[in-house]
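# Examination of the molecular architecture
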Amino acid sequence: MRIEIPELCIVALVGVSGSGKSTFAKTSFKPTEVLSSDYFRALISDDENNQAVSPQAFDALYYVARKRLELGLLTVIDATNVQEESRKEIIKLAKEQNIHAVAIVLDLPESVCRERNAKRDDRNFGSTVIAKQAAQLKRSLKYLKKDGFRFVYTLKSEADIADCEIVRTPLWNDRKSEHGPFDIIGDVHGCYDELTELLRKLGYEVDAESFTAAPPVGRKAVFLGDLCDRGPKNAEVLRLVMNMHKSGGAYCVPGNHDAKLLKHLRGSSVQVSHGLAVTLEQIENQVGGFKRDVTDFIDGLISHYVFDDGKLVVAHAGLPEKYQGRASARVRDFCLYGDTNGETDEFGLPVRLPWAEDYRGRALVVYGHTPIPEVRNVNGAVCIDTGCVFGGKLTAYRYPERETVQVEAAREYYAPIRPLAPTEKDEDLLDIEDISGKRYIGTKLRGRVKVSEEQSTAALEVMSRYAADPHWLIYLPPTMSPCETSDLPEYLEYPTQAFEYYRSRGVDKVVCERKHMGSRSVIVLCRNAEVAAQRFGVADGSNGIISTRTGRHFFDDAVTERALLERLNVALDRSGFWAEFATDWVCLDAELMPWSAKARELVVEQYAPVGRAGRDGTRAAVAALESALAAQPNGAGLSELLDRYREKSDMLERYTDAYRRYCWTVNGIDDYRIAPFHILATEGKVWNTENHVRHMETIKAFITGTDPIFMATDYMVVDLADGASVPAATDWWVELTSSGGEGMVVKPYDFTVFKGTELLQPAVKCRGREYLRIIYGAEYTTAEHMSRLKKRSLNRKRNLALNEFALGIESLERFVGGEPLYGVHECVFGVLAMESEPVDPRL
Amino acid sequence: MLLTITYTGRDTPDLGYLLYKNPNRGTQTFDLAFGRAHVFYPEITDTRTTAALLLDIDPLDLAKGKGNSEGLFDYVNDRPYVSSSFMSVAISKVFGTAMTGRADSRQELSDSPLDLSAEIAMLPCNADFAMLARIFEPLGYTVSYENCVLDERFPEWGESRYVNLSLRGNVRLRDLLKHIYVLLPVFDRQKHYWVGDDEVDKLLRMGEDWLEAHPERKYIVDRYLYRQRDLVGEYFSRLNDGVSEPEVTPVREPSLNAKRLDAVFSALKDAGAHSVIDLGCGEGRLLSLLLKDGQFTKIAGMDVAQSALKRASDRLRLETASERISERVTLFQGSLTYRDGRIAGYDAASVMEVIEHMDATRLAVFERVVFDFAKPRVVVLTTPNRDYNAVYEKLSAEDMRHGDHRFEWTRAEFAAWVKAVCAKFGYRAAVSGIGEEREDYGSPTQMGVFERCE
C-alpha cells in the first residue's frame, strides 16, 4: 500500500498495545521523528510502563512535538491513540501549527496483539486492557476523518505492514525549486489596458485580442490576486491571466475579491458590492463555458507560494513566517484578508493590522491587498498594490532584481473608499527582541559573531539614551589595535612591528596612512531629503548625519551638522561624484578635527589641568631644589633630585605641547577639518572590495581639494619585500611624529585580507612617541615607566577589532542589500555592545 | 606636590629641631604607599629658614588595580602634581612628631607662636577662591594666593582651579601643620582613600583647639567628611561628649519629587488601575508606594539602566521577598525606543520625568511604543514645565534643570504635544501641574493623565 503524507505533517499512529506501532515507526520514519509515549514515560519516571505518569509524559511529549513542528519538522506520535481524547490533542496541535494531521491505523487482529504482549516480560497488561483498547479502536475507526485527520490509512495485517510504502509529498504551495526570475504583479482589479501595457513593458509578447501573453525566456509572471472588481475590463483580465496560467507562463494566488467571486459563482449568497456586480455582469456576457472556467480556475488557486529555496513568498495580503509553507483555513484566510481582528474602521472596512511591522522572517514576502501610493518595504515585506483601479499605478516587482516596473492608471476607475495614504503605523519600528540578550550574528567575514548578554545589556542604555535615529546608523567603526610593542628602549610603538604583523602573514604590500588626531566620525550624506526618506526612511527633512563612533550625533547643534553636510554635498556635486558612482548617497569614514571640538570637555577637565598643575608644580619644585643646591652645593641627593624634577618638568612641557597640537579654536564652520579615509558604501556597493589606494585616490579626486574643510590624507604604499621601501616608510613615520603627528595607520593593500581562513586586522596603528604622552601619561618615557608599560597584551583588543570589523562590514552589506532595518541594526548594536568589553583604554 | 614652611626670626635653623629634620643633610627621602616624599631646605640663614616637603608620586602605581572603568583618567591624572590628600598623608608621616608638638630639644620654641609662612603649590581649589580667606583668616593667617589660566595658549578655556596659596601668621608650628593637614582635602574634595569612621577620629584629633570655634566649622566638617551625614553627625555628637547637638528640624515642605510621586500615585489610584507598569522606574520609589497599596495587584518597573534596576531591587528587597511579592512585582531592563511585548497588558503606565531625557527626534518612536503598542487604558506622564524655570534664580533663560535634559517644554508646548498624541492614538487627556503654583509660570512639574477612548 502506498501511504502518501505531506512532507510536513503530524502523524498519529493508532493501534492497541502490541499492534506493532513502535516497530512500524522504526522502519518507516527517522528515529528522531518518532515521539513515543513509552519513551516519555521512561524519561520522566524511569519506567516506560508507569501509567500513573501518563499525563506528565504526554505534556512533555506534546511540548517536544510543538517545538519540532514550529521548526517545520514532520513528527510522529507513537501512542495507542485509540481514545478520542488523546487524538483531540493531536488535532489541536495540527490546527495550531497549520498543518495536516494524518492517522495511520494498525488494525491487527486482537489475538496477534495479545500474543505479542504476552511475550514481553516487562509488560503484563491483562487481556481486558487489550480488549478494551480494541473496542475503543473499533469505535474510533469511523470517526477519524470527522475528528479532523486529513488522511487516514488503515493497515489490517502484518502483510499490509510489510507491503506499505510511505511517500512524502510536497505541499501545493511548495515551489522552492522554482528560482524565477519572476515578475510579480499587484492587484489588477479589471484594469486590462494597464495590465497589457505593463506586461509589454516587462518584455512579454502580448496579444490583447486573443488574451495571451508570452513571457520573455525564463521569466514567469506571478499575479497577487484581486484580478477583478471595480475596474473596467474584468472578464478580459480573467481571460488573460487564465490563459497565462494554463500555458505555464504565470502563477496566480487568489485575492479576497476572487474568493468572493468564487463563492457567488458557486451559488452561495454574498453581498454584491465593491464592484462585484459589474464583474458578474461581464462574466455573464461572455460566451462558452467561461463562467465555469473562471469557477474552476479560482477554485484551483493555491493560497500562497514559497519560491526559490524559501527565499521568496507571495500571497495576496501577505503572510507571516509561521504560516509560510503551511496549509489550513487560517493560513488561507490570512493570505486573502491579511491580519484582521474582526474590527471595522470608520469606513466600514475590516481593520487591516500592520502585520509587516512584526515580520522578522528570512523570506522576502511580496504582497498586495492594501493600496498605498508607493511600493513599500517594511522588514522585508513588500507591498506592491499601488492602487491602479483608484487612479494610482499598476506595479510589477521583479525578482531577484528587486526592481519595480510601473504603469500609471489611465484614470481613476473607482473612488477609493479610504484614502490611499499609508497608515502612519506602517513603519519599521525596532523590537527589543531584535537586539536583546545573547546573540550570534552571522557575518560574511567571520562567521557567527557572539554578543554576550552582558554586552547587549550595557549597550542598550547607550543606544537608547544617546544614539541617533537608527535609520541613519548603518555602520559603526571598529576599534583599532596598535602594533606589537617595540623592542627599542625609547619607543612603545615603532613601525617595524606594524610591518611585521602583515609581512609575517603573507601580505607583501601595505598602505601607510597618516593618522589624524581628531575624532572618528561616520558621515552619511544623501543628495537630498527625498533620498533620505526613501533610502534611509528618515522623513524629518534632513539629508544626512555626522555621527560619532558610538552612533551619537557628532554635533549637539543641528545647524553645524547641516552646514558641514551641505559643504560636502556641494563638493560632491561639483566633482561629479554622484554620477560617477551612480549613487544618491554615500557613507564615509572620516576623522573630524579639531580634537577639541568633540573632546573639549575632556581637554578642559582633564588634559589642560594636568598640564597646568604639572608644569607649575614641577617648576616650583625645580626652583626650590635649585635654591637648596645653592645653599648646600654638596647636599646629599640634591643634585640627583634636581635632575629628576628637571626631567619631569621637561616632560610636562612636552605633554602640554602634545595635546595643544590637536586643539584649535573654532569660530565658525570654516575652522573644522574633515579627513575622509574610507568610502564605506554607495548605492549597490560596499567598498571593502576596493583597495586602499583606490579609496585614497577616489577621495582625492572627488571629495577633497575644492573645499579646504575637506582634507586629503598623506599616504605611502610600502612594498614589504623591498629593502628600500620599509626604511623610507619608517623615516616618514619618524619625521611625521617628531613634528607632532599622531602617527600612522598601516593597512594591507587590499581592504579585506585573509591568511587561509584567518581574517587579518584591517589596520594596525603605530602612534608617535610624543603623542603617546596624552595616552600613557606625561612621564611615560622614563625608563622606570617604559619597562613596566611594555608589558601589554593585545590579544583581546585584536579579537575585538576583528569582530567589530566583521560586524561593521556586515551592517553595510545588509543595508546595501536592501535588508530590513532590524537586520542592519542588529549588527550596529552588536558593535556598540562589543565596545562595552573592558579592554585597556590605552591600546 | 610641594609644601614649603618658612620660619623668620632669630636662630631660624632651629626649625629643623621642631620638624625633626636636619637642615644640613641635603635631601631626606621617605617611602610612602603611593611613592616617596623628599624633605630638603631651600634656604638656611640665621634669620630665615625654609623647609620643603616634595611629593614624588608614581603615576603608574596610582592607576594600578583600578580596572578600566575610569578610562584614561587614571593615566593622565593631576594627582602627582597637586597638593591634595596625598600631601596631608605625607605631612602626617614625615612631620608626625612635629604635629604632636613634641620637641625634645626645643620644647619652649615648639610651644610658642612663631612667625611662620607656608607656601602650598598647586592646591586644587574646588570652591569659590574667596573661601580661602574665609577659612584661613579666622585661624590668624594673612592669606594670599595666585591662580592661573588653564592654558595660556587658549585663554578662552578660562582659569584653572589651582592656586599657589601663601599663609603667613604668628602661630605654633604644630597648629600650622594641623591646619594644612585638615584643610587641603576640604578644598580639593578628592580623597585618595576611603572615607570611613576613622576620619571622625582624625578630625577630632587634628581639629582640637581650633575647629570647634571656627566660624566655618560646618563647612569644613561637611567637606572633610565628604558630606556623609552619619559621619558628620558622629563628629558633632562626639565633640559634645556624647550629647548630640539638638538637630534643628524645621517642618519642611515635602520635596518636589515627593509631591510628584504623590500626584502620580493618586492619578493611578483614582484611575482604578490594578496593574501598573512604571516606565523608567529608576530606583523604584513609585514602585514601593504602589506595593504598599492592595489595589495594585500587578506591578512592573522598567528601566534602561541596569544599575537603576539593581537599586530598585534593593529598595524593594526583591531578592528575599516572599513568593507573593515576587509574583506581584517584576523588574526588567527595557528601552522606550524599542517596541516591547513585555510592556503590554497593564491597566496603566506611568512615565515620570522620562521623556525630557530622550532626544526630541526619538519621541515619535516613544509615542508608538507606549500609546500604540502597549496602549494601556491609562498613561500618567510628567515632565518639567519650562515656564517655571524663570522662578529658579540660578537658571538663565537657556538653561535646563538637568544636564541630561534634551528639552524642557513650556505649558503650551506640552499641551500641544498631549493633544497631538491623543488625536493620533485615540486617547483623551487632562493636564495639570504639580508643586507650588506661581502666577504666570504655573507649577514646576506638569502632568498629563491620558485615558484611552473605548
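What you see is a predicted model; the values in this text were computed from it and never measured.

## Quick word on the overall build of chain B
A count of helices and strands for chain B gives 16 helices and 14 strands. If one aligns the C-alpha atoms of chain B with their principal axes, the spans along those axes are about 95 × 55 × 45 Å. Relative to its 454 residues, chain B shows a buried fraction of 42%. Residue pairs at least 24 apart in sequence account for 68% of intrachain contacts in chain B once pairs closer than 6 positions are excluded.

## Quick look at helix 15 (residues 453-466) of chain A
Here helix 15 of chain A contains 14 residues, and its C-alpha end-to-end distance of 20 Å stays within 8% of the 20 Å for a straight helix at 1.5 Å per residue. Along helix 15 of chain A, the residues that are buried comprise Gln455, Ser456, Ala459, Leu460, Met463 and Ser464 of chain A.

## Looking at the sheet that holds strand 4 (residues 75-78) of chain A
All names here are of chain A. Within the open sheet, the five strands sit side by side as 3-4-2-5-6. Their pairing is parallel. Pairing within the sheet leaves two strands with one partner each, and these edge strands are strand 3 (34-36) and strand 6 (151-155). Put simply, the sheet's adjacent strands are angled 20 degrees from each other on average, direction ignored. As defined by bridge partners, strand 2 (residues 9-14) adjoins strand 4 across four bridges and the pair is classed as parallel. Looking across to strand 4, one finds that Val11 is bridged to Val76. On top of the sheet, helix 1 (residues 21-28) reaches strand 2, strand 3, strand 4 and strand 5 (100-106); it is set at about 160 degrees to strand 4, its chief contact. Relative to the sheet, helix 3 (residues 54-70) contacts strand 2, strand 3 and strand 4, its axis offset from that of strand 4 by approximately 165 degrees.

## Details of the sheet that holds strand 15 (residues 312-315) of chain A
Residues and elements named next belong to chain A. Spatially, six strands are ordered 8-14-15-16-18-17 in an open sheet, and the strand pairing comes out mixed. Each edge of the sheet is formed by a strand with only one pairing partner; in this case those strands are strand 8 (174-175) and strand 17 (376-378). Here strand 14 (residues 304-307) runs beside strand 15; their pairing, made up of four bridges, is antiparallel. Considered in strand 15, the bridge of His304 is made with Ala315.

## Details of the environment of His245 of chain A
Residues and elements named next belong to chain A. Residue position: His245 is located in helix 10 (residues 234-246). Sequence spacing of His245 and Arg646 is 401 residues, and the spatial spacing of their C-alpha atoms is 92 Å. Beyond its immediate sequence surroundings of up to four residues, His245 is in contact with Ala250, Cys252 and Phe297.

## With respect to unusual backbone geometry
Residues and elements named next belong to chain A. Looking along the chain, the bond that leaves Tyr399 and enters Pro400 is cis, with omega of 10 degrees. Locating Pro400 in the fold gives a position in the loop between strand 19 (393-399) and strand 20 (403-408). Of the consecutive residues Met593 and Pro594, the connecting peptide bond is found in the cis state with omega at 0 degrees. Among the structural elements, Pro594 can be located in the loop between strand 27 (585-593) and helix 20 (595-631). We note that His189 has phi near 50 degrees; this positive angle belongs to a residue other than glycine. Among the secondary structure elements, His189 is positioned in the loop between strand 9 (182-185) and helix 9 (192-201). Even without being glycine, Arg230 reaches a positive phi, approximately 80 degrees.

## Focus on the nonpolar core
Generally speaking, a soluble globular protein has its nonpolar side chains buried in company with each other. The biggest cluster of nonpolar side chains holds 249 residues, and the ones touching the most others in it are Val746 of chain A together with Val379 and Val380 of chain B. The element that contributes the greatest number of residues to this core is helix 20 of chain A, accounting for 13 residues. In contact with Val379 of chain B, not counting residues within four places along its chain, are Ala348, Ala349, Val351, Val370, Phe371 and Phe450 of chain B. The next biggest cluster of nonpolar side chains, apart from the first, holds 113 residues, and it includes Ala79, Phe307, Leu364 and Cys388 of chain A.

## Here we look at the domain arrangement of chain B
Along its sequence, chain B is carved into domain 1 (2-193) and domain 2 (256-452). With centres defined by C-alpha atoms, the gap from domain 1 of chain B to domain 2 of chain B works out at 51 Å.

## Description of the interface of chain B and chain A
The interface is formed by 56 residues belonging to chain B together with 51 residues belonging to chain A. Of all the secondary structure elements, the ones that give two or more residues to the side of chain B that touches chain A are strand 1 (2-8), strand 3 (35-44), strand 4 (48-57), helix 2 (59-63), strand 5 (114-124), strand 7 (159-171) and helix 15 (363-374) of chain B. Of all the elements, strand 3 of chain B adds the most residues to the side of chain B that touches chain A, at six residues. Per-class residue counts for the side of chain B that touches chain A are 27 nonpolar, 18 polar and 11 charged.

## Here we look at the domain arrangement of chain A
All names here are of chain A. On domain assignment, one finds that chain A holds domain 1 (2-169), domain 2 (174-408), domain 3 (447-594 + 668-833) and domain 4 (595-660). In this structure, domain 1 and domain 2 have C-alpha centres spaced 41 Å apart. In this complex, domain 1 contributes five residues to the contact, which on the side of domain 2 involves seven residues. Each residue belonging to the side of domain 1 that touches domain 2 can be placed in one class, and the counts come to one nonpolar, three polar and one charged.

## Some points on the confidence of the model for chain B
Residues and elements named next belong to chain B. Considering every residue of chain B, the mean pLDDT works out to 90; 95% of them sit at 70 or more. Per-residue pLDDT stays below 50 along residues 66-72; that stretch engages in nine contacts with residues further than four places along the chain or on separate chains. Confidence metrics for the complex model read pTM 0.84 and ipTM 0.87.

Rules behind the numbers
- Residues numbered from 1 in each chain as written.
- Chains lettered and ligands numbered in written order.
- Predicted model: local features only at pLDDT ≥ 70, side-chain atom pairs only at ≥ 80, totals over all residues.
- Helix = DSSP H or I, 4+ residues; strand = E, 2+ residues; numbered from the N terminus.
- Buried ≥ 20, exposed ≤ 12 C-beta atoms within 10 Å, placed from the backbone.
- Contact = placed C-beta atoms within 7 Å.
- Expected span 1.5 Å × (residues − 1).
- Pairing = 2+ DSSP bridges.
- Axes fitted to C-alpha atoms, helices over the stretch in contact; angles between N-to-C directions.
- Core = buried A, V, L, I, M, F, W, Y, C linked by C-beta atoms within 7 Å.
- Domains from an automatic or database assignment.
- Nonpolar A, V, L, I, M, F, W, Y, C, P; charged D, E, K, R; others polar.
- pLDDT = per-residue confidence, 0-100.

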